[in-house]
Amino acid sequence: QPDRGTKRGRDDDELDGIDVLLQQLSVFKRHDPATAEEQEMMENLFDALCSSLMLGSNRDRFLKEGLQLMNLMLREKKMSRSSALRVLDHAMIGPEGTDNCHKFVDILGLRTIYPLFMKSPKKMKKSGISEKEHEEHVCSILASLLRNLRGQQRTRLLSKFTETDCEKVDRLLEL
């Protein structure tokens, strides 16, 4: 282990934090927690990740692996889905979230987020999130994307609203 007194040691420790949280959470990508204790641990890990994303430099670290993992969690219909949505909301909000917004579009995240926008999942009792909270996170993510995206990615985002006889605009008005 590097000497903690050196600058290099501190930087290595700082870089590991986000990676450790993501590695621990990756277990829940395809499997729901088996016990109440595991479920609580999963939620605590997600809470820690959300808190760490309040610091701009952590968003850059999250950009490398975190977006991909959260997108996969959204696609799997597991208990981690609603917490992954919350993490994405934290990662993309504000000007500091611009890079995360652009990468989210690049990794085909729009294919994941728009179905969640169009219809709130029915089975949310397990995850402890209300339909309103779900809709709030999805709308916040879309608002961040609208604010932060430029160029081709913004065009892709906006063109989705015109598909299928503008059904997404109708949903937006409904909300």
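Here, the structure is the one placed above.
Being a predicted model, the structure only gives us computed values, none of them experimental. Each chain carries its own residue numbering, running from 1 in the written order of its sequence. In view of the model being predicted, local features appear only for residues whose pLDDT reaches at least 70, and side-chain atom pairs are presented and counted only at 80 or more, with totals across whole chains, interfaces and linings using the full set of residues. As a convention, hydrogens and water are excluded, and side-chain values are obtained from all of the structure's heavy atoms.

The next subject is the overall build of the protein chain. Secondary structure is summarised from DSSP: a helix means a run of H or I of at least four residues, a strand means a run of E of at least two, and numbering begins at the N terminus for each. Across its full length, the protein chain carries nine helices and zero strands. Each helix (α) and strand (β) of the protein chain, taken in turn from the N terminus, gives the series α-α-α-α-α-α-α-α-α. Throughout, a contact is declared for two residues whenever any of their heavy atoms are within 4.5 Å. Long-range contacts, defined here as pairs at least 24 residues apart, represent 72% of the contacts in the protein chain between residues at least 6 apart. Note on areas: these come from Shrake-Rupley sampling with a 1.4 Å probe, and a residue is covered only by the protein chains present in the view. Taken as a whole, the protein chain presents about 9900 Å² of accessible surface, with 52% of it coming from carbon and sulfur.

Turning to the pattern of salt bridges, a few remarks are in order. By definition, a salt bridge exists where a carboxyl oxygen of Asp or Glu is found within 4 Å of a side-chain nitrogen of Lys or Arg. This structure, assessed with the given rule, holds eight salt bridges. A salt bridge links Arg30 to Glu76; the shortest N-O distance between them is 3.5 Å. Separated by 46 residues along the polypeptide, Arg30 in the loop between helix H1 (7-26) and helix H2 (36-52) and Glu76 in the loop between helix H3 (56-75) and helix H4 (81-92) bring together distant segments of the chain. Working definition: with a 1.4 Å probe on protein chains only, accessible area under 20% of the residue-type maximum means buried, over 50% means exposed, and in between means partly exposed. A relative accessible area of 45% places Arg30 in the partly exposed class.

Attention now goes to the environment of Val169. Checked against the element boundaries, Val169 lands in helix H9 (residues 163-174). For the pair Val169 and Met118, spaced 51 residues apart in sequence, the C-alpha separation works out to 9.9 Å.

Along its 20 residues, H3 runs 26 Å from first to last C-alpha, staying within 8% of the 28 Å computed at 1.5 Å per residue. All buried positions along H3 are accounted for by Asn58, Arg59, Arg61, Phe62, Leu63, Gly66, Leu67, Leu69, Met70, Asn71, Met73 and Leu74. The span expected for a helix works out to 1.5 Å for each residue beyond the first.

On to the packing of aromatic side chains. Stacked, tilted and edge-to-face are the three classes applied to pairs of Phe, Tyr and Trp rings, where Trp contributes its six-membered ring and a pair requires centres within 6.5 Å; stacked means planes under 30 degrees apart, edge-to-face means over 60, and tilted covers the rest. For the coordinates displayed, the defined rule picks out three aromatic pairs. With 6.3 Å between their ring centres and 80° between their planes, Tyr114 and Phe117 make a pair best called edge-to-face. Taken together, the positions of Tyr114 and Phe117, both in helix H6 (residues 110-118) and three residues apart, correspond to about one turn of that helix. A relative accessible area of 3% means that Tyr114 is categorised as buried. Three or more aromatic residues link up through ring pairs in this structure, and these residues are Tyr114, Phe117 and Phe161. The aromatic ring of Tyr114 is capped on one face by Lys168, whose charged end is 5.3 Å from the ring centroid. Definition used: whenever NZ (Lys) or CZ (Arg) falls within 6 Å of the ring centre and also within 35 degrees of the ring normal, the charge is taken to sit over that ring.

At Thr164, a residue that is not glycine, the phi angle is positive and equals roughly 45°. Looking at the secondary structure, you find Thr164 in helix H9. Positive phi values are uncommon outside glycine, yet Cys166 reaches one of about 60°. Its place among the elements puts Cys166 in helix H9. Its relative accessible area of 32% is what places Cys166 among the partly exposed residues.

A separate point is the nonpolar core. Among buried residues, the Ala, Val, Leu, Ile, Met, Phe, Trp, Tyr and Cys ones that are joined through side-chain atoms within 4.5 Å form a nonpolar core. Ranked by internal contacts, the top residues of the largest apolar core, which has 41 residues, are Leu25, Leu49, Phe62, Met70, Ile113 and Leu145. Every element with two or more residues in this core is listed here: H1, H2, H3, H4, helix H5 (98-106), H6 and helix H7 (131-148). When residues of this core are assigned to their parent elements, the largest contribution, seven residues, is made by H3. When sequence neighbours within four positions are dropped, the list of residues in contact with Leu145 reads Met92, Cys101, Phe104, Val105, Leu110 and Leu157.

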